[in-house]
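A look at the structure
Residue-level listing of the chains:
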Amino acid sequence: MPSNAELRDIALTVARRAADLAYLRRSEGVEIAASKSSLTDIVTRADREVEHLVREAIAASRPRDGFLGEESGGGEGTSGLTWVVDPIDGTVNYFYGIPAYAVSIAVVEGDPDPATWRTIAGAVVNPASGEAFTASAGGGARLNGRELHVNRDVPLELGLVGTGFGYDARKRERQAAFVAQLIGQVRDVRRIGAASLDLCSVAAGRLDAYFERGLNPWDHAAGALVAREAGALVGGLGGGPEGEDLLVAAPPGLYEQLHPLADAFYSEWR
């Protein structure tokens, strides 16, 4: 069994290759291949091509491991490890040429379910900026090799808080209702458009906290580990693990203020 650091290095190597391909395809012009949950939930041909590259590279390096990708689905392994991949997180940003999108690759122990898995390594690479966020369980979080730490001792009223919105219009309206409730209690709110980068921004101190409802496993698997290893608490609805119902990430003191507000609001949304 490889060490967590070795798995992190594999994730980073593959993510950098995938980022180079994503960046090249963006420079050539983006072609929409399909839409998914709604007309605004798009898939580009680059999404599929990048995920194919990642899947082939991981299969060559770790043939006994499982795989769970946003575009190509899952494949069971025999090693007890699964690679959870978002080939281009922030596809709408990618489509519009907004330089906030990322390749996200995580390695988890157990079934590919955020409620039960344990993330042990991950990498998030922004092709537009060249920034590479990495983490391994117990090994800390880094940005291009520099150790990361969350902002400490930030009260709620001074917190810069990130969030995101779903593709369904009615769900966005509900999510906006909580933002409207929260915005008078914090410094300000940011909506950047890529969950993996939002979580890494908490780790890097660019955001004080981040919350969102409606995330898929590949959206947060790597980024949540980066945030945790930088000192953030990351959790979900009702004190459970992060998942589709809710994800909140923040330093401990701020988490204790923000999470109850999000939990109370989203507990009524079933």
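Let us look at the structure shown here. Here the structure is a predicted model, which means the values were calculated and not measured. (Residues numbered from 1 in each chain as written. Predicted model: local features only at pLDDT ≥ 70, side-chain atom pairs only at ≥ 80, totals over all residues. Heavy atoms only, no water.)

1. Details of the overall build of the protein chain
From N to C terminus, the protein chain includes 7 helices and 15 strands. Radius of gyration (C-alpha) of the protein chain: 17 Å, near the 18 Å computed for a compact globule of 270 residues. Principal axes of the C-alpha set define a box for the protein chain whose edges measure 50 × 40 × 35 Å. Per-residue burial over the protein chain gives 53% buried out of 270 residues. Of the roughly 11600 Å² of accessible surface on the protein chain, 48% is carried by carbon and sulfur atoms. Counting 26 positive and 37 negative side-chain charges, the protein chain places the averaged centre of each group 2 Å from the other. (Helix = DSSP H or I, 4+ residues; strand = E, 2+ residues; numbered from the N terminus. Rg over C-alpha atoms; globule rule 2.2 N^0.38 Å. Buried < 20%, exposed > 50% of the residue type's maximum accessible area, 1.4 Å probe, protein only. Areas by Shrake-Rupley, 256 points an atom, 1.4 Å probe, with all protein chains shown as cover. Lys, Arg positive; Asp, Glu negative; His and termini not counted. Charge placed at Lys NZ, Arg CZ, Asp CG, Glu CD.)

2. Digging into a nonpolar patch on the surface
A cluster of nonpolar side chains, namely Ile-32, Val-92, Phe-95, Tyr-96, Ile-98 and Tyr-167, defines an oily patch on the protein surface of about 530 Å² accessible area. It is helix 3 (residues 91-96) that provides the largest number of residues to the nonpolar patch, a total of 3 residues. By the secondary structure assignment, Val-92 is in helix 3. (Patch = residues over 30% accessible without salt bridge, like charges linked within 9 Å, V, L, I, M, F, W, Y side chains within 5 Å. Salt bridge = Lys/Arg side-chain N within 4 Å of Asp/Glu carboxyl O.)

3. Let's talk about the side chain of Asp-198
Of note, Asp-198 is situated in helix 5 (residues 195-204). Buried and unpaired, Asp-198 has no salt bridge, with Arg-191 as the nearest side chain of opposite charge at 5.9 Å. Apart from residues lying up to four places away in sequence, Asp-198 is in contact with Thr-163, Ile-192, Gly-193, Leu-207 and Tyr-210. (Contact = heavy atoms within 4.5 Å.)

4. Some points on the sheet that holds strand 7 (residues 118-125)
Spatially, 4-3-5-6-7-8-9-10 is the arrangement adopted by the 8 strands of the open sheet, whose pairing is mixed. Of all strands in the sheet, those bounded by a partner on one side alone are strand 4 (73-75) and strand 10 (146-147). Pairing of strand 6 (residues 102-109) with strand 7, which is carried by 7 bridges, proceeds in the antiparallel orientation. The residue bridging Val-103 from the neighbouring strand is Val-125, located in strand 7. Where helix 2 (residues 45-61) meets the sheet, it contacts strand 3 (66-69), strand 4, strand 5 (81-89) and strand 6, and its direction lies at approximately 155 degrees from that of strand 5. (Pairing = 2+ DSSP bridges. Axes fitted to C-alpha atoms, helices over the stretch in contact; angles between N-to-C directions.)

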